[in-house]
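Architecture and fold: a report
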Amino acid sequence: MYATQALTHLVPLAAEELDKNKVTPGVLGFLVFAALAVGVWALMKSMNRHMGRVNFEEAPDPDAKSAEPAGDKAASPGK
C-alpha cells in the first residue's frame, strides 16, 4: 500500500473531528506572523541607520565651472 493511499483513508477521519466554525491559525500562525514582524522591524531599523550615513550634498566639480560660461555663450547666439 502506498503512503498516498494511506493518507487518503485518514483524511475523512480528520475532517470529522474538526469543527469548521472554530478553526483558527493557532500558535504556529502567531509565531510566523511575529517572526515576520520582527524581521521587517529589523530591516527598517537597518535601513534608517544606513540612510543616515548617506551624504546627499554633491561636491562642486571644478571643471564644470570653467566650461559653463563658454557653453552659455555658444548655446544662446540670439542674444
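It should be emphasised that the depicted structure is a prediction, and the values quoted were computed from it without experimental measurement. (Residues numbered from 1 in each chain as written. Predicted model: local features only at pLDDT ≥ 70, side-chain atom pairs only at ≥ 80, totals over all residues. Heavy atoms only, no water.)

**As for the overall build of the protein**
- Tallying secondary structure elements over the protein gives three helices and zero strands in all.
- Burial statistics for the protein: of 79 residues in total, 0% are counted as buried.
- In the form shown here, the protein has an accessible surface area of approximately 7,900 Å², with 66% of it arising from carbon and sulfur atoms. (Helix = DSSP H or I, 4+ residues; strand = E, 2+ residues; numbered from the N terminus. Buried < 20%, exposed > 50% of the residue type's maximum accessible area, 1.4 Å probe, protein only. Areas by Shrake-Rupley, 256 points an atom, 1.4 Å probe, with all protein chains shown as cover.)

**Considerations on the confidence of the model for the protein**
- Of the residues in the protein, 58% have a pLDDT of 70 or more, and the chain-wide mean is 77.
- When the elements of the protein are averaged for pLDDT, helix H3 (residues 62-75) gives the smallest value, 60, and helix H2 (residues 26-53) the largest, 96. (pLDDT = per-residue confidence, 0-100.)

**Here's the deal with a nonpolar patch on the surface**
- On the surface, a cluster of nonpolar side chains totalling about 610 Å² of accessible area is made up of Val40, Met44, Met47, Met51, Val54 and Phe56.
- Tracing the backbone through its elements, the reader meets Val54 in the loop between H2 and H3. (Patch = residues over 30% accessible without salt bridge, like charges linked within 9 Å, V, L, I, M, F, W, Y side chains within 5 Å. Salt bridge = Lys/Arg side-chain N within 4 Å of Asp/Glu carboxyl O.)

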